[in-house]
Amino acid sequence: MCKDASTPDDREVKVANLLKNKDLSISVAESCTGGLVSHKITNVPGSSEYFNRAVVAYSNQAKRELLAVKAESLQSHGAVSEVVASEMAKGIRVSSGTDIGLSTTGIAGPGGGTAEKPVGLVYLGLSDPETSRVKKLNLDGNRWENKRVAAREAIEYLIDFIEDRY
């Protein structure tokens, strides 16, 4: 039997417990995952204690205006890059005043990929006041699978980040 998507999974509950127990707040900036990461974080009752906001910044204009991503970064590295993932995470953290910013940017598919940046390339960004980290993923599913796996990986990356840093 399939799990109901509205029922929090173990990772979602673990993130909730870590954020609550360590008195941390989080905001999320998503591009390729289109809100799935935010859904996972807010799927646990009581998430308003630690979840501040989310921005789905799909366009470069939105990344610049809402997340303070530098135009030069977008031109030099492209929206799907380590640099932009880092700037997105920092931008959402700073604009919301939260302890942690989490971001996703990538190419979900089926189109949009190139030889240098194939479909399934995703960057996850994390930022707190002392550090920024980025993780690169190379996924090989269809559009939905790439979005779903990227969101799951973002939650796992967040768990590792909190356990390592706090």
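The structure reproduced in this document is the subject of the present report. Keep in mind that what you see is a predicted model, and the values were worked out from it rather than measured.

A count of helices and strands for the chain gives 6 helices and 5 strands. Going residue by residue from the N terminus, the α and β elements of the chain occur as α-β-α-β-α-α-α-β-β-β-α. On C-alpha atoms alone, the chain measures out to a radius of gyration of 15 Å, which is about the 15 Å that the 2.2 N^0.38 rule sets for 166 residues. With the C-alpha coordinates of the chain rotated into their principal frame, the extents come out at 40 × 40 × 25 Å. Contacts in the chain between residues at least 24 apart in sequence constitute 64% of all its contacts with a sequence separation of at least 6.

Moving on, we get to the nonpolar core. By size, the foremost hydrophobic cluster in this structure holds 31 residues, and its most contacted members are L19, I26, V37, I41, I100, L102 and L158. Elements with a contribution of two residues or more to this core: α1 (10-21), β1 (26-30), α2 (36-42), β3 (100-106), β4 (121-127) and α6 (143-165). Counting residues per element, this core draws most heavily on α6, which supplies 10 residues. Discounting residues that sit within four places of it in the chain, I26 has contacts with L19, I41, Y50, F51, N52, R53, T98, I100, L102 and L158. With 11 residues, the next largest nonpolar core counts A29, A57, A62 and L74 among its residues.

Calculation rules
- Residues numbered from 1 in each chain as written.
- Predicted model: local features only at pLDDT ≥ 70, side-chain atom pairs only at ≥ 80, totals over all residues.
- Heavy atoms only, no water.
- Helix = DSSP H or I, 4+ residues; strand = E, 2+ residues; numbered from the N terminus.
- Rg over C-alpha atoms; globule rule 2.2 N^0.38 Å.
- Contact = heavy atoms within 4.5 Å.
- Core = buried A, V, L, I, M, F, W, Y, C linked by side-chain atoms within 4.5 Å.
- Buried < 20%, exposed > 50% of the residue type's maximum accessible area, 1.4 Å probe, protein only.

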